[in-house]
Number of protein chains: 2
Amino acid sequence: MLHLKQDHSELVVLSVLAEDPSYGYAISKEIAARSQGHFKLSPSAMYPLLTKLEKQGLVTTSWEEIKSRSSDPDATGRKRKWYTISPKGSKRLTQHIENQQRVLKILNGFVPTSLRDSGMGLA
Amino acid sequence: MLHLKQDHSELVVLSVLAEDPSYGYAISKEIAARSQGHFKLSPSAMYPLLTKLEKQGLVTTSWEEIKSRSSDPDATGRKRKWYTISPKGSKRLTQHIENQQRVLKILNGFVPTSLRDSGMGLA
DNA sequence: TCAAGATATATCGAAACTTGATATATCGTG
DNA sequence: CACGATATATCAAGTTTCGATATATCTTGA
(Lines give C-alpha, C1' and ligand atoms only; values in the text may rest on other atoms or scores of the structure.)
Protein backbone atom coordinates (compact mmCIF):
# COMPACT_ATOMS: atom_id res chain seq x y z
CA MET A 1 0.00 0.00 0.00
CA LEU A 2 1.55 3.28 -1.12
CA HIS A 3 1.26 6.41 0.91
CA LEU A 4 -0.69 9.16 -0.84
CA LYS A 5 0.49 12.65 0.06
CA GLN A 6 -1.92 15.55 -0.06
CA ASP A 7 -0.63 16.81 -3.40
CA HIS A 8 -1.17 13.41 -4.96
CA SER A 9 -4.51 12.98 -3.21
CA GLU A 10 -5.76 16.23 -4.68
CA LEU A 11 -4.54 15.24 -8.15
CA VAL A 12 -6.21 11.85 -7.92
CA VAL A 13 -9.52 13.15 -6.55
CA LEU A 14 -9.77 15.94 -9.12
CA SER A 15 -8.89 13.43 -11.85
CA VAL A 16 -11.67 11.11 -10.77
CA LEU A 17 -14.14 14.00 -10.62
CA ALA A 18 -12.98 15.25 -14.02
CA GLU A 19 -14.63 12.18 -15.57
CA ASP A 20 -17.87 12.23 -13.60
CA PRO A 21 -19.41 13.72 -10.49
CA SER A 22 -19.09 11.39 -7.52
CA TYR A 23 -19.25 11.26 -3.74
CA GLY A 24 -16.78 10.50 -0.96
CA TYR A 25 -17.35 6.83 -0.49
CA ALA A 26 -17.47 6.09 -4.23
CA ILE A 27 -14.33 8.14 -4.84
CA SER A 28 -12.38 6.15 -2.25
CA LYS A 29 -13.57 2.88 -3.82
CA GLU A 30 -12.67 4.14 -7.28
CA ILE A 31 -9.17 5.10 -6.15
CA ALA A 32 -8.59 1.69 -4.60
CA ALA A 33 -9.89 -0.05 -7.73
CA ARG A 34 -8.06 2.05 -10.31
CA SER A 35 -4.78 1.65 -8.44
CA GLN A 36 -5.22 -2.10 -7.88
CA GLY A 37 -5.32 -1.40 -4.17
CA HIS A 38 -2.03 0.48 -4.13
CA PHE A 39 -3.54 3.84 -3.27
CA LYS A 40 -5.91 4.30 -0.39
CA LEU A 41 -7.67 7.41 0.80
CA SER A 42 -9.15 6.73 4.23
CA PRO A 43 -12.27 8.62 5.35
CA SER A 44 -10.19 10.77 7.67
CA ALA A 45 -8.07 11.86 4.71
CA MET A 46 -10.89 12.02 2.18
CA TYR A 47 -13.44 14.23 3.90
CA PRO A 48 -11.13 17.01 5.05
CA LEU A 49 -9.71 17.07 1.52
CA LEU A 50 -13.15 17.29 -0.11
CA THR A 51 -14.13 20.06 2.29
CA LYS A 52 -10.96 21.92 1.36
CA LEU A 53 -11.67 21.54 -2.35
CA GLU A 54 -15.18 22.83 -1.77
CA LYS A 55 -13.96 25.85 0.18
CA GLN A 56 -11.51 26.67 -2.58
CA GLY A 57 -14.28 26.55 -5.16
CA LEU A 58 -12.69 23.69 -7.07
CA VAL A 59 -15.79 21.56 -6.67
CA THR A 60 -19.49 22.24 -6.16
CA THR A 61 -21.67 20.04 -3.99
CA SER A 62 -25.26 18.91 -3.63
CA TRP A 63 -27.08 16.53 -1.33
CA GLU A 64 -29.04 13.59 -2.62
CA GLU A 65 -31.71 11.90 -0.57
CA ILE A 66 -31.36 8.20 -1.22
CA LYS A 67 -34.83 6.73 -1.45
CA SER A 68 -35.25 3.93 1.03
CA ARG A 69 -36.96 0.72 0.00
CA SER A 70 -38.01 0.39 3.59
CA SER A 71 -41.74 -0.01 4.15
CA ASP A 72 -41.65 2.89 6.58
CA PRO A 73 -42.78 5.97 4.62
CA ASP A 74 -41.38 8.22 7.35
CA ALA A 75 -37.82 6.86 7.05
CA THR A 76 -35.34 9.71 6.70
CA GLY A 77 -33.25 7.91 4.15
CA ARG A 78 -29.50 8.06 3.81
CA LYS A 79 -27.91 11.22 2.46
CA ARG A 80 -25.23 11.32 -0.18
CA LYS A 81 -23.09 14.37 -0.89
CA TRP A 82 -22.21 14.72 -4.55
CA TYR A 83 -19.09 16.53 -5.72
CA THR A 84 -18.84 18.07 -9.18
CA ILE A 85 -15.62 19.55 -10.52
CA SER A 86 -15.91 23.28 -11.32
CA PRO A 87 -14.22 25.16 -14.19
CA LYS A 88 -11.78 26.44 -11.58
CA GLY A 89 -11.18 22.86 -10.51
CA SER A 90 -10.50 21.73 -14.09
CA LYS A 91 -8.04 24.53 -14.51
CA ARG A 92 -6.35 23.58 -11.25
CA LEU A 93 -6.07 19.95 -12.38
CA THR A 94 -4.34 20.99 -15.60
CA GLN A 95 -1.98 23.29 -13.71
CA HIS A 96 -1.35 20.57 -11.16
CA ILE A 97 -0.25 18.12 -13.82
CA GLU A 98 1.85 20.71 -15.63
CA ASN A 99 3.53 21.48 -12.34
CA GLN A 100 4.17 17.81 -11.63
CA GLN A 101 5.80 17.46 -15.03
CA ARG A 102 8.05 20.44 -14.40
CA VAL A 103 9.10 19.16 -10.96
CA LEU A 104 9.73 15.71 -12.39
CA LYS A 105 11.91 17.07 -15.14
CA ILE A 106 14.08 19.04 -12.74
CA LEU A 107 14.12 16.17 -10.26
CA ASN A 108 15.36 13.89 -13.00
CA GLY A 109 18.35 16.17 -13.45
CA PHE A 110 19.47 15.17 -9.95
CA VAL A 111 19.24 11.43 -10.45
CA PRO A 112 22.79 10.06 -10.83
CA THR A 113 23.55 9.34 -14.49
CA SER A 114 24.32 5.72 -13.68
CA LEU A 115 20.76 5.22 -12.46
CA ARG A 116 19.25 7.43 -15.16
CA ASP A 117 21.05 5.53 -17.90
CA SER A 118 19.83 2.21 -16.60
CA GLY A 119 16.24 3.28 -17.26
CA MET A 120 15.57 4.52 -13.76
CA GLY A 121 15.00 8.13 -14.72
CA LEU A 122 11.92 9.98 -13.57
CA ALA A 123 11.12 11.92 -16.70
CA MET B 1 10.25 28.74 -6.92
CA LEU B 2 8.88 25.24 -6.55
CA HIS B 3 8.02 23.79 -3.21
CA LEU B 4 10.20 20.78 -2.29
CA LYS B 5 8.42 18.24 -0.11
CA GLN B 6 10.39 16.06 2.25
CA ASP B 7 10.29 13.04 -0.04
CA HIS B 8 11.71 15.09 -2.88
CA SER B 9 14.22 16.79 -0.59
CA GLU B 10 15.57 13.44 0.52
CA LEU B 11 15.82 12.24 -3.07
CA VAL B 12 17.64 15.37 -4.15
CA VAL B 13 20.06 15.43 -1.21
CA LEU B 14 20.93 11.74 -1.54
CA SER B 15 21.38 12.23 -5.29
CA VAL B 16 23.81 15.10 -4.75
CA LEU B 17 25.73 13.06 -2.16
CA ALA B 18 25.78 10.03 -4.47
CA GLU B 19 28.17 11.92 -6.71
CA ASP B 20 30.46 13.34 -4.05
CA PRO B 21 30.59 13.98 -0.31
CA SER B 22 29.47 17.50 0.55
CA TYR B 23 28.26 19.69 3.40
CA GLY B 24 25.05 21.54 4.17
CA TYR B 25 25.78 24.92 2.72
CA ALA B 26 27.33 23.49 -0.45
CA ILE B 27 24.43 21.09 -0.92
CA SER B 28 21.90 23.91 -0.76
CA LYS B 29 23.91 25.92 -3.30
CA GLU B 30 24.21 22.87 -5.55
CA ILE B 31 20.46 22.29 -5.42
CA ALA B 32 19.71 25.90 -6.33
CA ALA B 33 22.24 25.79 -9.19
CA ARG B 34 21.28 22.42 -10.66
CA SER B 35 17.58 23.38 -10.65
CA GLN B 36 18.18 26.85 -12.11
CA GLY B 37 16.86 28.29 -8.88
CA HIS B 38 13.60 26.37 -8.99
CA PHE B 39 14.34 24.22 -5.96
CA LYS B 40 15.44 25.69 -2.70
CA LEU B 41 16.28 23.95 0.54
CA SER B 42 16.46 26.55 3.29
CA PRO B 43 18.73 25.98 6.29
CA SER B 44 15.71 25.21 8.44
CA ALA B 45 14.73 22.43 6.07
CA MET B 46 18.25 21.26 5.25
CA TYR B 47 19.78 20.68 8.67
CA PRO B 48 16.92 18.72 10.24
CA LEU B 49 16.89 16.58 7.08
CA LEU B 50 20.62 15.93 7.21
CA THR B 51 20.36 15.04 10.89
CA LYS B 52 17.57 12.61 10.05
CA LEU B 53 19.62 10.98 7.29
CA GLU B 54 22.52 10.65 9.70
CA LYS B 55 20.36 9.06 12.40
CA GLN B 56 19.02 6.57 9.85
CA GLY B 57 22.54 5.61 8.86
CA LEU B 58 22.06 6.77 5.27
CA VAL B 59 25.02 9.15 5.53
CA THR B 60 28.16 9.28 7.64
CA THR B 61 29.62 12.55 8.88
CA SER B 62 32.91 14.12 9.84
CA TRP B 63 34.01 17.57 10.93
CA GLU B 64 36.63 19.58 9.09
CA GLU B 65 38.49 22.43 10.68
CA ILE B 66 38.76 25.15 8.09
CA LYS B 67 42.18 26.78 8.38
CA SER B 68 41.88 30.47 8.91
CA ARG B 69 44.15 32.86 7.04
CA SER B 70 43.82 35.20 9.96
CA SER B 71 47.07 36.31 11.52
CA ASP B 72 45.81 35.15 14.90
CA PRO B 73 47.29 31.69 15.48
CA ASP B 74 44.76 31.07 18.26
CA ALA B 75 41.74 31.55 15.98
CA THR B 76 39.30 28.68 16.35
CA GLY B 77 38.53 28.54 12.66
CA ARG B 78 35.21 27.73 11.08
CA LYS B 79 33.94 24.13 11.20
CA ARG B 80 32.46 22.29 8.29
CA LYS B 81 30.41 19.12 8.65
CA TRP B 82 30.90 16.71 5.74
CA TYR B 83 28.26 14.22 4.72
CA THR B 84 29.13 11.01 2.84
CA ILE B 85 26.48 8.66 1.50
CA SER B 86 26.63 5.16 3.02
CA PRO B 87 25.91 1.84 1.25
CA LYS B 88 22.56 1.90 3.04
CA GLY B 89 21.99 5.40 1.67
CA SER B 90 22.80 4.32 -1.88
CA LYS B 91 20.36 1.45 -1.57
CA ARG B 92 17.73 3.83 -0.23
CA LEU B 93 18.25 6.19 -3.16
CA THR B 94 17.70 3.37 -5.65
CA GLN B 95 14.58 2.22 -3.82
CA HIS B 96 13.37 5.78 -3.59
CA ILE B 97 13.58 6.25 -7.33
CA GLU B 98 11.98 2.87 -8.02
CA ASN B 99 9.16 3.83 -5.71
CA GLN B 100 8.70 7.20 -7.43
CA GLN B 101 8.45 5.45 -10.76
CA ARG B 102 5.81 3.06 -9.46
CA VAL B 103 3.74 5.87 -7.93
CA LEU B 104 4.05 7.91 -11.12
CA LYS B 105 2.86 5.02 -13.25
CA ILE B 106 -0.24 4.46 -11.12
CA LEU B 107 -0.84 8.20 -10.82
CA ASN B 108 -0.75 8.48 -14.59
CA GLY B 109 -3.64 6.01 -14.75
CA PHE B 110 -5.79 8.64 -13.07
CA VAL B 111 -4.96 11.51 -15.39
CA PRO B 112 -7.95 12.05 -17.72
CA THR B 113 -7.26 10.55 -21.15
CA SER B 114 -7.85 13.92 -22.78
CA LEU B 115 -4.93 15.38 -20.86
CA ARG B 116 -2.82 12.24 -21.16
CA ASP B 117 -3.30 12.12 -24.92
CA SER B 118 -2.24 15.73 -25.29
CA GLY B 119 1.19 14.88 -23.92
CA MET B 120 0.42 15.83 -20.34
CA GLY B 121 0.88 12.37 -18.91
CA LEU B 122 3.10 11.78 -15.92
CA ALA B 123 4.73 8.54 -16.97
C1' DT C 1 40.66 49.26 8.45
C1' DC C 2 36.43 48.10 8.80
C1' DA C 3 31.76 47.33 7.23
C1' DA C 4 29.01 44.41 4.57
C1' DG C 5 27.94 40.38 2.37
C1' DA C 6 29.01 35.51 1.94
C1' DT C 7 30.00 31.29 4.32
C1' DA C 8 28.44 27.87 7.74
C1' DT C 9 25.61 25.31 11.12
C1' DA C 10 21.73 25.08 13.98
C1' DT C 11 17.23 25.71 16.79
C1' DC C 12 12.53 27.54 17.72
C1' DG C 13 7.76 27.88 17.34
C1' DA C 14 3.47 28.47 14.93
C1' DA C 15 0.93 26.51 11.43
C1' DA C 16 -0.34 22.86 8.48
C1' DC C 17 -0.71 18.21 7.58
C1' DT C 18 -1.67 13.17 8.50
C1' DT C 19 -4.06 9.27 10.19
C1' DG C 20 -5.85 5.73 13.28
C1' DA C 21 -9.62 5.71 16.18
C1' DT C 22 -14.02 6.90 16.91
C1' DA C 23 -19.00 8.30 16.16
C1' DT C 24 -23.35 7.95 13.94
C1' DA C 25 -26.74 6.11 11.07
C1' DT C 26 -28.78 3.59 7.12
C1' DC C 27 -28.93 -0.18 3.56
C1' DG C 28 -28.94 -4.96 1.75
C1' DT C 29 -28.85 -9.83 2.32
C1' DG C 30 -28.94 -14.46 3.92
C1' DC D 1 -32.77 -9.68 12.39
C1' DA D 2 -27.89 -9.64 12.66
C1' DC D 3 -23.97 -8.41 10.14
C1' DG D 4 -21.23 -6.46 6.68
C1' DA D 5 -21.36 -2.77 3.52
C1' DT D 6 -22.60 1.95 2.61
C1' DA D 7 -21.98 6.83 3.92
C1' DT D 8 -20.32 11.07 6.13
C1' DA D 9 -17.76 13.23 9.61
C1' DT D 10 -14.74 14.66 13.74
C1' DC D 11 -11.03 14.13 17.13
C1' DA D 12 -6.59 13.90 19.02
C1' DA D 13 -1.95 12.86 18.84
C1' DG D 14 1.69 12.78 16.14
C1' DT D 15 4.66 14.46 12.31
C1' DT D 16 6.13 17.88 8.97
C1' DT D 17 7.11 22.38 7.38
C1' DC D 18 9.39 26.78 7.16
C1' DG D 19 10.13 31.64 8.18
C1' DA D 20 12.49 33.80 11.72
C1' DT D 21 16.14 33.80 14.51
C1' DA D 22 20.87 32.92 16.60
C1' DT D 23 25.74 32.53 16.40
C1' DA D 24 30.15 32.91 14.49
C1' DT D 25 33.72 33.21 10.85
C1' DC D 26 35.59 34.48 6.26
C1' DT D 27 36.34 37.60 2.28
C1' DT D 28 36.30 41.63 -0.33
C1' DG D 29 36.47 46.20 -1.58
C1' DA D 30 35.88 51.18 -0.55
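The shown structure was predicted, so the numbers you read here are calculated from the model rather than taken from an experiment. (Residues numbered from 1 in each chain as written. Chains lettered and ligands numbered in written order. Predicted model: local features only at pLDDT ≥ 70, side-chain atom pairs only at ≥ 80, totals over all residues. Heavy atoms only, no water.)

Q: Explain the sheet that holds strand E1 (residues 22–23) of chain B here, please?
A: Two orientations exist for strands paired in a sheet by backbone hydrogen bonds: parallel and antiparallel. Residues and elements named next belong to chain B. Spatially, three strands are ordered E1-E3-E2 in an open sheet, and the strand pairing comes out antiparallel. Where the open sheet ends on each side, the last strands, each with one partner, are E1 and strand E2 (59–66). Bridge analysis of E1 against strand E3 (residues 78–85) gives two bridges, and the strand direction is antiparallel. Its bridge partner lying in E3, Ser22 is registered against Tyr83. (Pairing = 2+ DSSP bridges. Helix = DSSP H or I, 4+ residues; strand = E, 2+ residues; numbered from the N terminus.)

Q: Got a minute to help me understand the sheet that holds strand E1 (residues 22–23) of chain A in this structure?
A: Residue and element names in this part refer to chain A. Across the sheet, three strands lie side by side as E1-E3-E2; this open sheet has antiparallel pairing. Strands with a single pairing partner mark the edges of an open sheet, and in this sheet they are E1 and strand E2 (59–66). Bridge analysis of E2 against strand E3 (residues 78–85) gives eight bridges, and the strand direction is antiparallel. For Val59, the partnering residue across the bridge sits in E3 and is Ile85. Along the sheet, helix H1 (residues 6–19) contacts E1, E2 and E3; its crossing angle with E3, the most-contacted strand, is approximately 90°. Where helix H3 (residues 43–55) meets the sheet, it contacts E2 and E3, and its direction lies at approximately 125° from that of E2. (Contact = heavy atoms within 4.5 Å. Axes fitted to C-alpha atoms, helices over the stretch in contact; angles between N-to-C directions.)

Q: For this particular structure, what's the right way to read the pattern of salt bridges?
A: Two side chains carrying opposite charge are able to pair once their charged atoms lie near each other. Counted according to the given criterion, the structure contains 12 salt bridges over all chains. Put simply, A:Arg80 and A:Glu64 hold a salt bridge, and the shortest N to O gap is 3.7 Å. Of this pair, A:Arg80 sits in strand E3 while A:Glu64 sits in strand E2, placing them 16 residues apart in sequence. The salt bridge partner of B:Arg92 is B:Glu10, with a shortest N-O separation of 2.8 Å. Here B:Arg92 is found in helix H4 (residues 87–108), whereas its partner B:Glu10 is found in helix H1 (residues 6–19), with 82 residues between them in sequence. The partly exposed category is assigned to B:Arg92, whose relative accessible area is 27%. Looking at B:Glu10, the relative accessible area reads 6%, which means it is buried. (Salt bridge = Lys/Arg side-chain N within 4 Å of Asp/Glu carboxyl O. Buried < 20%, exposed > 50% of the residue type's maximum accessible area, 1.4 Å probe, protein only.)

Q: What is the right way to read the interface of chain B and chain A from this model?
A: Reports of interface size often rely on the accessible area that becomes lost once the parts have come together. At the junction of the two partners, chain B supplies 37 residues and chain A supplies 37 residues. For the chain B and chain A pair, buried surface summed over both sides reaches about 3,100 Å², with 75% attributable to carbon and sulfur atoms. The three residues of chain B that bury the most area against chain A are B:Ile106, B:Phe110 and B:Met120, which together make up 22% of that side's buried surface. When the shortest N-O distance is used, the salt bridge between A:Lys5 and B:Asp7 registers 3.4 Å. Where chain B meets chain A, there are 10 residue pairs in polar contact (both at pLDDT 80 or more). Elements that contribute at least two residues to the side of chain B that touches chain A include exactly H1, helix H2 (24–34), H4 and helix H5 (113–120) of chain B. A total of 12 residues in the side of chain B that touches chain A trace back to one element, the largest contributor, which is H4(B). Counted by class, the side of chain B that touches chain A contains 19 nonpolar, 11 polar and seven charged residues. (Buried area = accessible area lost by both parts, 1.4 Å probe. Polar contact = N/O pair within 3.5 Å; in protein donor to acceptor, adjacent residues only side chain to side chain. Nonpolar A, V, L, I, M, F, W, Y, C, P; charged D, E, K, R; others polar.)

Q: Please clarify how helix H2 (residues 24–34) of chain A should be interpreted in this entry.
A: Residue and element names in this part refer to chain A. Among the residues making up H2, those that are buried are Gly24, Ile27, Ser28 and Ile31. All buried residues of H2 project into a common sector of 100° when viewed along the axis, lining one side. With respect to the buried face of H2, the exposed residues turned more than 90 degrees away are Tyr25 and Ala33. Buried-residue contacts for H2 involve H1, E1, H3 and E3. (Arc of directions from axis to C-beta.)

Q: Even after reading the chapter, I still don't get the side chain of A:Ser35, so can you show me in this structure?
A: Mapped onto the fold, A:Ser35 is located in the loop between H2 and H3. What makes A:Ser35 buried here is its relative accessible area of 0%. Engagement of the side chain of A:Ser35 in a polar contact is seen with the backbone nitrogen of A:Phe39, the distance being 2.8 Å. The residues touching A:Ser35, leaving out its near neighbours within four places in the chain, are B:Ile106 and B:Phe110.

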